[in-house]
Amino acid sequence: MITNEAMSTLLLKTKPSGASNNHEYAHFVEWNGCILISCFARDLPSSFDKTTYSDRTDCETSINHLHLENLSIALELIDVWEKILRRNFAGEEFNIVVTCEPDGKEAVARFYQLRPEEVTWLNEENDLENYNHEAILLLKVH
């Protein structure tokens with residue numbers, strides 16, 4: 001797990017919520033080379049088309065993101081996502097990203113598959129400290 005300093009500070013005082021209400025966001029479907037949260041993958045065209053999304057990474061990061069009340073809820077959700085992705089998509093690589101306000105409120109969790117031919121949504125080569133207005137966490141799933 002890679003974090004910036006703001007997220008490291010938050011993680012010292014934040015635990016997963018323990019009250020899982022995220023079961024509907026823990027079912028995935030494969031669609032045209034994308035892994036998507038099934039409840040958000042409705043009304044998709046019959047095949048991938050670059051008029052809506054620039055590439056499959058763009059599609060996944062757009063569809064597979066949730067706005068959550070706080071970091072505690074996000075930590076619980078990404079733990080579930082990590083387990084499911086490892087179990088159901090062994091051999092594939094994913095990034096799970098959580099961003100939130102420096103106070104731990106209004107977290108956003110998302111995931112996407114790593115593809116050598118596409119640019120990653122979050123450039124992990126960049127210093128995460130450059131995200132100085134938010135706390136950020138990157139969890140790599142292999």
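Computed from a prediction, not measured in an experiment: that's the story for all the values here.

1. Observations regarding the packing of aromatic side chains
Applying the stated criterion to the full structure yields six aromatic pairs. Ring centres 5.5 Å apart and planes at 35° place the aromatic pair Tyr 25 and Phe 40 in the tilted group. Residue Tyr 25 is found in the loop between α1 (5-12) and β2 (28-31), and its partner Phe 40 is found in the loop between β3 (34-37) and α2 (56-63); the two are separated by 15 residues along the sequence. Of the residues examined, Phe 40 reaches a relative accessible area of 32% and is grouped as partly exposed. On the numbers, 5.0 Å between centres and 70° between planes, the contact of Trp 81 with Phe 111 is edge-to-face. Taken together, the residues Trp 81 in helix α3 (residues 71-88) and Phe 111 in strand β6 (residues 105-113) connect sequence positions 30 residues apart. Using a relative accessible area of 0% as the deciding quantity, one classes Trp 81 as buried.

2. A word on the environment of Leu 36
For Leu 36, the location among the structural elements is in strand β3. Spatially, the C-alpha atom of Leu 36 lies 6.8 Å from that of Ile 63, the residues being 27 residues apart in sequence. If near-sequence neighbours (up to four positions away) are discounted, Leu 36 is found in contact with His 27, Phe 28, Val 29, Trp 31, Ala 41, Leu 44, Cys 59, Glu 60, Ile 63 and Asn 64.

3. Observations concerning α2
Buried residues of α2: Thr 57, Cys 59, Glu 60, Thr 61 and Ile 63, and no others. On the buried face of α2, the contacting elements are β2, β3, β4 (65-70) and β6. Two to three positions downstream of the cap, the backbone nitrogen of Thr 57 sits 3.2 Å from a side-chain oxygen, assigning the N-cap of α2 to Asp 55.

4. A look at the nonpolar core
Counting 30 residues, the largest nonpolar core has Phe 28, Ile 78, Trp 81, Leu 85, Val 98 and Phe 111 as the members making the most contacts within it. Counting only elements with at least two residues in this core, the list comes to α1, β3, β4, α3, β5 (94-100), β6 and β7 (135-141). The dominant element in this core, judged by the number of residues it contributes, is α3, at eight residues. Those residues in contact with Phe 111, other than ones at most four positions away along the chain, are Phe 28, Ile 35, Ile 37, Glu 60, Thr 61, Asn 64, Trp 81, Leu 85, Phe 94, Asn 95 and Ile 96. Core analysis: the next-biggest nonpolar cluster, separate from the first, contains eight residues, Trp 31, Leu 36, Ala 41 and Phe 48 among them.

What counts and what doesn't
Residues numbered from 1 in each chain as written. Predicted model: local features only at pLDDT ≥ 70, side-chain atom pairs only at ≥ 80, totals over all residues. Heavy atoms only, no water. Phe/Tyr/Trp six-rings, centres within 6.5 Å; stacked < 30°, edge-to-face > 60°. Helix = DSSP H or I, 4+ residues; strand = E, 2+ residues; numbered from the N terminus. Buried < 20%, exposed > 50% of the residue type's maximum accessible area, 1.4 Å probe, protein only. Contact = heavy atoms within 4.5 Å. Polar contact = N/O pair within 3.5 Å; in protein donor to acceptor, adjacent residues only side chain to side chain. Core = buried A, V, L, I, M, F, W, Y, C linked by side-chain atoms within 4.5 Å.

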